[in-house]
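Chain and residue survey
As a plain string of letters, each chain reads:
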Amino acid sequence: MNLSDSQTAGRGPRRVSAMEAVLAHLRGAIERGEYAIGDKLPSEAELCRTLEVSRPVLREALRALQTMGLTVAKTGKGTFVVSTTVEDPTFGDYAASDLLEVRQHVEIPVARYAAVRRTPENLDHLNHLLDRMEQETDTTAWVAMDTLFHLAVAEAAQNPVFRRVIEEIRDALARQSAFLNQLGGRREQSNREHRMIVEALADGSEKDAEQAMRHHLSRVETTLTDIVRPTTGSK
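Residues numbered from 1 in each chain as written. Predicted model: local features only at pLDDT ≥ 70, side-chain atom pairs only at ≥ 80, totals over all residues. Heavy atoms only, no water.

**Thoughts on the overall build of the protein**
What counts is decided by this rule: Helix and strand assignments come from DSSP, with helices taken as H or I runs of at least 4 residues and strands as E runs of at least 2, each series counted from the N terminus. Computation of the radius of gyration draws on C-alpha atoms alone. For the globule rule, the value is 2.2 Å times the number of residues to the power 0.38. Only protein chains enter the accessibility calculation, which uses a 1.4 Å probe. A residue is then buried if its area is under 20% of the maximum for its type, exposed if over 50%, and partly exposed in between. We call two residues in contact whenever any of their non-hydrogen atoms come within 4.5 Å of each other. Only the protein chains shown count as cover for residues, and all accessible areas are computed by the Shrake-Rupley method using a 1.4 Å probe. We treat Lys and Arg as the positive residues and Asp and Glu as the negative residues; His and chain ends play no part in the count. Every charge is mapped onto a representative atom, which is NZ of Lys, CZ of Arg, CG of Asp or CD of Glu.
Looking only at helices and strands, the protein features 10 helices and four strands. Taken from the N to the C terminus, the helices and strands of the protein come in the order α-α-α-β-β-β-β-α-α-α-α-α-α-α. Computed over its C-alpha atoms, the radius of gyration of the protein comes to 19 Å, within 12% of the 18 Å expected for a compact globule of 235 residues. If you line up the protein on its principal axes, its C-alpha atoms span 55 × 40 × 30 Å. Looking at the protein as a whole, 44% of its 235 residues qualify as buried. When contacts within the protein are restricted to residue pairs at least 6 apart in sequence, long-range pairs at least 24 apart make up 68% of them. Element-wise, carbon and sulfur atoms account for 48% of the exposed surface of the protein, whose accessible area totals about 12,200 Å². Counting 30 positive and 35 negative side-chain charges, the protein places the averaged centre of each group 3 Å from the other.

**What about helix H4 (residues 96–117)?**
Condition: In a helix, the anticipated span is given by 1.5 Å times the number of residues less one. We define the bend at each residue as the angle formed by axes fitted to the 7 residues ending at it and the 7 residues starting at it.
Here H4 spans 30 Å end to end across 22 residues, near enough to the 32 Å set by a 1.5 Å rise per residue. Most pronounced at Arg-103, the bend in H4 amounts to some 30°. Those residues of H4 not exposed but buried are Ala-96, Leu-99, Leu-100, Arg-103, Val-106, Glu-107, Ile-108, Pro-109, Val-110, Ala-111, Ala-114 and Ala-115.

**Quick word on the pairing of strand S2 (residues 78–81)**
In plain terms, the rule: For two strands to be treated as a pair, DSSP must find at least two bridges joining them.
Bridge count between strand S1 (residues 71–74) and S2: four bridges; the pairing is antiparallel. Residue pairing for S2: Ala-73 is matched across the bridge by Thr-79. Hairpin connection, S1 to S2: the antiparallel pair is bridged by three residues, and Gly-76 has positive phi, about 80°.

**Regarding helix H3 (residues 55–67)**
A rise of 1.5 Å per residue sets the reference length of H3, with its 13 residues, at 18 Å; its end C-alpha atoms lie 18 Å apart and thus fit the reference within 8%. Here H3 has its buried residues at Leu-58, Ala-61, Leu-62, Ala-64, Leu-65 and Thr-67. Elements that come into contact with the buried residues of H3 comprise helix H1 (18–31), helix H2 (44–51), S1, strand S3 (90–91) and helix H8 (170–184). A positive phi of about 80° marks Gly-69, the residue just after H3.

**Some remarks on the nonpolar core**
Selection rule: In these notes, a set of buried Ala, Val, Leu, Ile, Met, Phe, Trp, Tyr and Cys residues joined through side-chain atoms within 4.5 Å is what counts as a nonpolar core.
The biggest cluster of nonpolar side chains holds 66 residues, and the ones touching the most others in it are Phe-149 and Phe-179. In this structure, Phe-149 is in contact with Leu-126, Leu-129, Leu-130, Met-133, His-194, Ile-197 and Val-198, ignoring residues within four places of it in sequence.

**Brief notes about the pattern of salt bridges**
Basically, it comes down to this: Put simply, a salt bridge is a Lys or Arg side-chain nitrogen that is within 4 Å of an Asp or Glu carboxyl oxygen.
Counted according to the given criterion, the structure contains 14 salt bridges. Salt bridges sharing common partners tie together Glu-155, Arg-163, Glu-167 and Arg-170.

**Some words on the environment of Lys-74**
You can see Lys-74 is positioned in strand S1. Owing to a relative accessible area of 43%, Lys-74 belongs among the partly exposed residues under this scheme. A C-alpha to C-alpha distance of 39 Å links Lys-74 and Ile-108, two positions 34 residues apart in sequence.

**Some details on the side chain of Glu-210**
Residue position: Glu-210 is located in helix H10 (residues 206–228). What makes Glu-210 buried here is its relative accessible area of 19%. Other than its neighbours up to four places away in sequence, Glu-210 contacts Ile-108, Ala-111 and Arg-112.

**Things to note about the packing of aromatic side chains**
To be explicit about the condition: Only centres within 6.5 Å qualify two rings of Phe, Tyr or Trp (six-membered ring in Trp) as a pair; their planes then separate them into stacked at under 30 degrees, edge-to-face at over 60, and tilted for everything else. Remark: a charge is flagged as sitting over a ring if the NZ atom of Lys or the CZ atom of Arg is within 6 Å of the ring centre and within 35 degrees of the ring normal.
With the rule as written, the count across this model stands at two aromatic pairs. Judged by centre distance (5.4 Å) and plane angle (65°), the ring pair of Phe-91 and Phe-179 falls under edge-to-face. Here Phe-179 lies in helix H8 and Phe-91 lies in strand S3, a separation of 88 residues in the sequence. Over the ring of Phe-80 we find Lys-74; its NZ or CZ atom is 4.8 Å from the centre of that ring. The side chain of Arg-112 reaches across the aromatic face of Tyr-113, ending 5.0 Å from its centre.

**Re the packing of helix H5 (residues 120–135) against helix H6 (residues 139–156)**
Put simply, the rule is: For helices, the axis comes from a line fit to the C-alpha atoms of the stretch in contact; other axes are also lines fit to C-alpha atoms, and the angle between any two N-to-C directions lies between 0 and 180 degrees. The scheme is simple: roughly parallel for angles under 35 degrees, roughly antiparallel for over 145, roughly perpendicular for 65 to 115, oblique for anything else. Crossings are classed by handedness, with left-handed meaning an anticlockwise turn of the near helix from the far one by less than a right angle and right-handed meaning a clockwise turn. By the convention adopted, Pro, Cys, Tyr, Trp, Phe, Met, Ile, Leu, Val and Ala count as nonpolar, Lys, Arg, Asp and Glu as charged, and the other residues, Gly among them, as polar.
Running from amino to carboxyl end, H5 crosses H6 at an angle of 165°, the nearest separation of the two axes being 10 Å. It follows from the interaxial angle that H5 and H6 lie roughly antiparallel. Of the two elements, H5 crosses H6, and the hand of that crossing is left-handed. Residues Asn-122, His-125, Leu-126, Leu-129, Leu-130, Arg-132 and Met-133 of H5 lie in contact with H6, whose contacting residues are Trp-142, Met-145, Asp-146, Leu-148, Phe-149, Ala-152, Val-153, Glu-155 and Ala-156. Among the residues forming the contact of H5 with H6, the class breakdown is 11 nonpolar, two polar and three charged.

Following this line, the structure appears as structure tokens:
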């Protein structure tokens, strides 16, 4: 089974990477019960041979399985199945549902305050970040700037408590961003949504800023839901 060159069409025009193909294969096997709870997955070497993919590609897929809560990795022992259904991915210390709930109650008001409190320096910083993000080709670098963007919006609200809250969830935001980029092709869409937020801040429109941030978070939720939705037994 060769998944190393998988570029099959996914929903819409987006193409599926080799890592996504490996993840779909392993996730499907777990959800179908081919690997039961408590079972150990084959070794990395065996999976690489069977699926004909490189070890880095396989390891990305295994990390995604862990984020989805399907497996756990035990040092020196291997990867074990702990669930046969994906319910709520975990990003660092926080579940996706908890993270999204907090973001909706924090970042939407933050955008409203930022629309009336932002300084010219805040706008310059945000526009500079956006320009860099739109030109960036390295995913890891883009993810780092994504978290900086949300910190910068919080700074523009001129309330240090808002910034502290975003700092607290910064690692989780980065993990979530990387996950959505890998499995949801979110990067270009996210760039456009970020641009809408900054344009609303520049216009000083509280309503537009709230709406732009709400739309951004809604798209994050939709992408997560699409990823978590069962791959088998659904219509």
